[in-house]
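The primary structure of each chain is shown beneath.
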Amino acid sequence: MITKNKTTVKVAQPKINVITLGCSKNTYDSEVLMGQLKGNNLNVEHEANKLGKDDIVVINTCGFIDNAKQESIDTILQYSQLKEEGKVGKVIVTGCLSERYKPDLEAEITNVDAYFGTNDLQNILHTLGANYKHELIGERLLTTPSHFAYFKIAEGCNRPCSFCAIPLMRGKHVSRDMNELVNEAKILAANGTKELILIAQDLTYYGLDIYGKRNLDELLRRLSDVNGIEWIRLQYAYPAGFPMEILDAMNERENICKYLDMPLQHITDNMLKSMRRGTTKQKTIDIVNEIRARVPNIAMRTTLICGYPGETERDFEEMYQWVADTRFDRLGCFTYSHEEKTHAYDLADDVPEEVKQERVDAIMELQQGISFDINQEKVGNTYKVLVDRKEGDFFIGRTEFDSPEVDNEVLIDANSGYAAIGSFVHVKVDRAEDFDLYGQIVK
């Protein structure tokens, strides 16, 4: 406050603008950071449209693969230039990219005020003039619509996958305390969250480090008991050592979605061995079949890599045929990225980029046809749908078989019925395309 001629003038508090790049785990980290800043009575926004000359920009970066790294670098350069021009006050960088490349970034982009890694929350808060408040554990400032939230149950990864740099950036697997997680779920539910999307590098490892056993099934049941939580969704399950008890919980509890995201990466034995996945083609086929047998109506999502070092045309054709035979409900496919300090970096990156992309395109074209066929079978059926938003003449939502941003959507004719954002409605499907369903609300 400044007193001038007995008139009190209030000085605007600088805004802290948090920018999130990368995956849902970064989204979660940004939300926790903002919750702490708000709890310290600081002015914080997520990806604000307007910035003042004294405002502080915190960039939560991704360093997973080349495209993500480039986006992070471009964003740092953009805001460091704004600082140079006097249009923002400070620029602070955190997250995976700065965890992995801090010395290089400090040498190359020198007018950033501070670089932090992935486990530096308390240090970031101190730099921003805030204190870490233990009483705020479980409190977050959601950046998603309030009816769903990403829910991180563990940090880091113990798996030795040859292509993956995550352990370099996130460290070893550390499970979060179950009571703390249940408390966080209750806080979210009290604030209107209806869907928890469980995330970790490897959900199925949960509990081994702190309880001495895989304990995801118990966590699921306890979260399922939280009043107000109507959907619980599982993302990022590892196939080797998969705890089948999860499926029992899924069958027992209506609010645990019949949905499983299990990145399988490849199918040929020589690729799986080189990738250090700890499994084989037959074991992979067996686990997919067993999951589907135990939960007959489950939607399975997977992701694959094309162009890993040494991948031959025969390897690719075998994977292509396996995708055709397996008919995953959801599938994503990516080109291999040659990452420093990973085990695979010692191998020759010998598949040309254009060949990698051609293989990805072929897999995704195949999956488009599979998705179309699966969707056609849904015409005439009625599904429970969570309404995410309204665009033009449609309310847009998802079934329990779909995660936000990556999966199919349900488009509901807004002229024939009303649906509140964040509410559940029943929709009868009357038309289907490759990746979208169209329908009407039924009472």
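First, a word on what this report is: a plain description of the structure on this page. From a predicted model like this one, the values you see are computed outputs, not experimental measurements.

Definitions and limits used
- All residue numbers refer to position in the chain's written sequence, counted from 1.
- Given that the model is predicted, a residue must reach a pLDDT of at least 70 before its local features are reported, and side-chain atom pairs must reach 80 or more before they are shown or counted; all residues, however, enter totals for whole chains, interfaces and linings.
- Hydrogens and waters are ignored; side-chain quantities use all the structure's heavy atoms.
- Put simply, DSSP H or I for four residues or longer makes a helix, DSSP E for two residues or longer makes a strand, and each gets a number counted from the N terminus.
- We compute the radius of gyration over the C-alpha atoms and compare it with the globule rule, which gives 2.2 Å times the number of residues raised to the power 0.38.
- Only protein chains enter the accessibility calculation, which uses a 1.4 Å probe; a residue is then buried when its area is under 20% of its type maximum, exposed when over 50%, and partly exposed in between.
- Only the protein chains shown count as cover for residues, with accessible areas throughout obtained via the Shrake-Rupley method and a probe of 1.4 Å.
- Each patch is assembled from residues with relative accessible area greater than 30% and no salt bridge, linking like charges that lie within 9 Å and nonpolar side chains (Val, Leu, Ile, Met, Phe, Trp, Tyr) that lie within 5 Å.
- Only one rule defines a salt bridge in this text: a Lys or Arg side-chain nitrogen within 4 Å of an Asp or Glu carboxyl oxygen.
- The charge count includes Lys and Arg as positive and Asp and Glu as negative, but it does not include His or the ends of the chains.
- Note on charges: their place is set at NZ of Lys, CZ of Arg, CG of Asp or CD of Glu.
- Axis definition: a line fitted to C-alpha atoms, limited for helices to the stretch in contact. Angles are taken between N-to-C directions and run from 0 to 180 degrees.
- Each angle receives one of four descriptions, namely roughly parallel if under 35 degrees, roughly antiparallel if over 145, roughly perpendicular if within 65 to 115, and oblique otherwise.
- Each crossing gets its hand from how the near helix is turned against the far one by less than a right angle, where anticlockwise is left-handed and clockwise is right-handed.
- A contact between two residues is defined here by any heavy atoms of the two lying within 4.5 Å.
- Between any two strands, at least two bridges found by DSSP are needed for them to pair.
- Any two rings among Phe, Tyr and Trp, with Trp reduced to its six-membered ring, count as a pair given centres within 6.5 Å; such a pair is stacked if its planes are under 30 degrees apart, edge-to-face if over 60, and tilted if neither.
- Consider the ring centre and the ring normal. A charge sits over the ring if Lys NZ or Arg CZ is within 6 Å of that centre and within 35 degrees of that normal.

**Here's the deal with the overall build of the chain**
- A tally of regular secondary structure across the chain gives 13 helices and 20 strands.
- Taken against the 2.2 N^0.38 rule, which gives 22 Å for 443 residues, the C-alpha radius of gyration of the chain at 23 Å falls within 12% of a compact globule.
- Oriented by its inertia axes, the alpha-carbon framework of the chain measures out at about 80 × 60 × 45 Å.
- Per-residue burial over the chain gives 53% buried out of 443 residues.
- Entry remark: accessible area of the chain is about 20000 Å², with carbon and sulfur atoms responsible for 47%.

**Considerations on a negative patch on the surface**
- There is a patch of like negative charges on the surface, built from Glu354, Glu358, Asp361 and Glu365.
- Looking at where Glu365 falls in the secondary structure, it is placed in helix 13 (residues 353–376).
- A residue is classified by how much of its surface remains accessible, and Glu365, at 60% relative accessible area, is exposed.

**Examining the pattern of salt bridges**
- Considering all chains together, one arrives at 39 salt bridges under this definition.
- Taking the shortest distance from any N to any O, the salt bridge between Glu45 and Lys15 comes out at 3.9 Å. Placement of Glu45 in strand 4 (residues 44–46) and of Lys15 in the loop between strand 2 (7–9) and strand 3 (16–20) is noted, with a sequence separation of 30 residues between them.
- On the basis of relative accessible area, Glu45 is assigned to the partly exposed category, the value being 34%.
- Accessibility expressed as a relative area gives 12% for Lys15, which makes it buried.
- Each of Glu31, Arg140, Arg176, Glu180 and Glu184 takes part in a single network of salt bridges with overlapping partners.

**Concerning the packing of helix 11 (residues 281–294) against helix 12 (residues 313–326)**
- The N-to-C vectors of helix 11 and helix 12 enclose an angle of 15 degrees; their axes lie 13 Å apart at closest approach. Our classification of the angle between helix 11 and helix 12 gives roughly parallel. With respect to the hand of their crossing, helix 11 and helix 12 are arranged in right-handed fashion. In this structure, helix 11 contributes Lys281, Thr284, Ile285, Val288 and Arg292 to the contact, and helix 12 contributes Glu318, Trp322 and Thr326.

**A look at the sheet that holds strand 14 (residues 299–306)**
- Read across the open sheet, the six strands follow the order 8-11-12-13-14-15; overall the sheet is parallel. In the strand order of this sheet, the two ends are held by strand 8 (148–152) and strand 15 (330–335), each with one partner. Neighbour-to-neighbour, the strand axes of this sheet turn through a mean angle of 20 degrees, independent of strand direction.
- Taken together, the three bridges between strand 13 (residues 256–261) and strand 14 define a ladder with parallel strand orientation.

**Quick look at the packing of aromatic side chains**
- Counted according to the given criterion, the structure contains nine aromatic pairs.
- Arranged with centres 5.0 Å apart and planes meeting at 75 degrees, the rings of Trp231 and Phe424 form a pair that is edge-to-face. Placement of the pair is Trp231 in strand 12 (residues 231–234) and Phe424 in strand 19 (residues 424–432), with a sequence separation of 193 residues. Of the two residues, Trp231 and Phe424, both sit in the buried class.
- Look at Trp322 and Phe328: their rings are 5.4 Å apart centre to centre, the planes differ by 75 degrees, and that puts the pair in the edge-to-face class.
- Note on Trp322: relative accessible area 5%, which makes it buried.
- Under the relative-accessibility criterion, Phe328 is labelled buried at 0%.
- Above the ring of Tyr259, the side-chain terminus of Arg233 is found at 4.7 Å from the ring centroid.

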